[in-house]
Amino acid sequence: MVYIEVVAGFALLLVGGDALVRGAVSVARRLGVSPLLIGLTLVGFGTSTPELVTSLEAAFAGSPGIAVGNVVGSNIANILLILGAAAVISPLTCDPKAFYRDGTMLVGASLAALAVAAGGTLGHAAGAGFLVALAGYVVFTYVKERRSSDASAAMHAHEADLAEPRPTRLWLALVLVGGGMAMIIFGARLLVAGAIAVAGALGVSETVIGLTVVAVGTSLPELVTSVVAALRRQGDLALGNVVGSNIFNVLGILGVTALVHPLRVPAEILGFDIWVMLGATALLIGFAITDWRLSRREGLVFVLGYLAYVAVLVARTSG
């Protein structure tokens, strides 16, 4: 029953996240919101909603290992597993201007998370600071891209197309938004409860479960979006989706969670996993700026790196 609970939680998060994004994009279009703003916020950040609700549920359940591990593990999986798999399917190209801006923000957010986590606790002040930084990033990006017609603006505008097909009736779109949110909330509760039980049954820490099982499960929307983009030969969308989601994971999810319910950062994450997240981010930056693309070979390096990371976690647990 415990494993059924986890699988059911994953399924609800995936279906609910997809319904939420499709419904929200449809409502936004009917209200006259620009495709640029839709792509920058609803699509890029909407795929991170499962991580947000799951981390909040874990925080209130008294499981900081799952709450923080979900964010750190998701960022690691997004880069190494999801971008790696997408690049293996089709090499991913990126726009230099957009990547300089978004990549710099991702590095800054990751370093800020390390600096705050070093104190052992993510409190109200850190949460508020993260959210202010996220709001500033969104406003700056929107204003800058609205004034230009470069490839970056076009990329964010086209991100809304990944939410096809969308409902044409407003009432149906609202039903999708409400239903999707309900499925995400219920799925997150099932997933957190199941993850806690699985950790106890296997004799491993909740942090390890949060970094692996929960993190990969809540990253399923990013996986679907990136694979679809790769199959359509829209590598810039796959890369932009992951970079944007990782920024939102750190600033938005940790920000909201810490603001609502301060978190203790597990020592094992601070001593190892957050450094893996920083290393994966640095590797992404290094690969991307060499020729502004991620090749199949580099994608394979990412995937093998993720398998090695999981193997280390398993070895440390069994040891």
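Keep in mind the model is a prediction, meaning the values are calculated, not measured. (Residues numbered from 1 in each chain as written. Predicted model: local features only at pLDDT ≥ 70, side-chain atom pairs only at ≥ 80, totals over all residues. Heavy atoms only, no water.)

Visitor: Residues and numbers for unusual backbone geometry, please.
Guide: Located in the positive-phi region is W292, a residue other than glycine, with phi close to 60 degrees. Among the structural elements, W292 can be located in the loop between α12 (267–291) and β4 (293–294). (Helix = DSSP H or I, 4+ residues; strand = E, 2+ residues; numbered from the N terminus.)

Visitor: Lay out the packing of aromatic side chains in plain terms, naming residues and giving numbers.
Guide: Applying the stated criterion across every chain, the model contains four aromatic pairs. Look at F272 and Y309: their rings are 6.1 Å apart centre to centre, the planes differ by 20 degrees, and that puts the pair in the stacked class. Here the residue F272 occupies a position in helix α12, and Y309 occupies one in helix α13 (residues 296–318), the gap between them amounting to 37 residues. Ring centres of Y306 and Y309 lie 6.1 Å apart, and the angle between their planes is 50 degrees; on these two criteria the pair is classed as tilted. Highlighted residues: Y306 and Y309, both in helix α13, separated by three residues, approximately one helical turn. Taken individually, Y306 and Y309 each receive the classification buried, so the pair is uniform in this respect. Through successive ring pairs, a cluster of aromatic residues spans F272, Y306 and Y309. (Phe/Tyr/Trp six-rings, centres within 6.5 Å; stacked < 30°, edge-to-face > 60°. Buried < 20%, exposed > 50% of the residue type's maximum accessible area, 1.4 Å probe, protein only.)

Visitor: Before we move on, could you go through the side chain of N70 and cite the residues and values that matter?
Guide: One can find N70 in helix α4 (residues 64–89). In this structure N70 touches E51, T54, S55, G65, G210, V214, A215 and T218, once residues within four positions along its chain are discounted. (Contact = heavy atoms within 4.5 Å.)

Visitor: With reference to specific residues and values, describe the packing of helix α3 (residues 49–60) against helix α8 (residues 170–202).
Guide: Direction vectors running N to C along α3 and α8 enclose 50 degrees, while the axes themselves pass 9 Å from each other. What the angle tells us is that α3 and α8 run oblique. Note that α3 runs across α8; the crossing there is right-handed. Contacts between α3 and α8 involve T49, P50, V53, T54, E57 and A58 from the first element and M181, I184, I185, A188, R189, L191 and V192 from the second. Tallied by class, residues from the contact of α3 with α8 come to nine nonpolar, two polar and two charged. (Axes fitted to C-alpha atoms, helices over the stretch in contact; angles between N-to-C directions. Parallel < 35°, antiparallel > 145°, perpendicular 65-115°, else oblique. Left-handed = near helix turned anticlockwise from the far one by under 90°. Nonpolar A, V, L, I, M, F, W, Y, C, P; charged D, E, K, R; others polar.)

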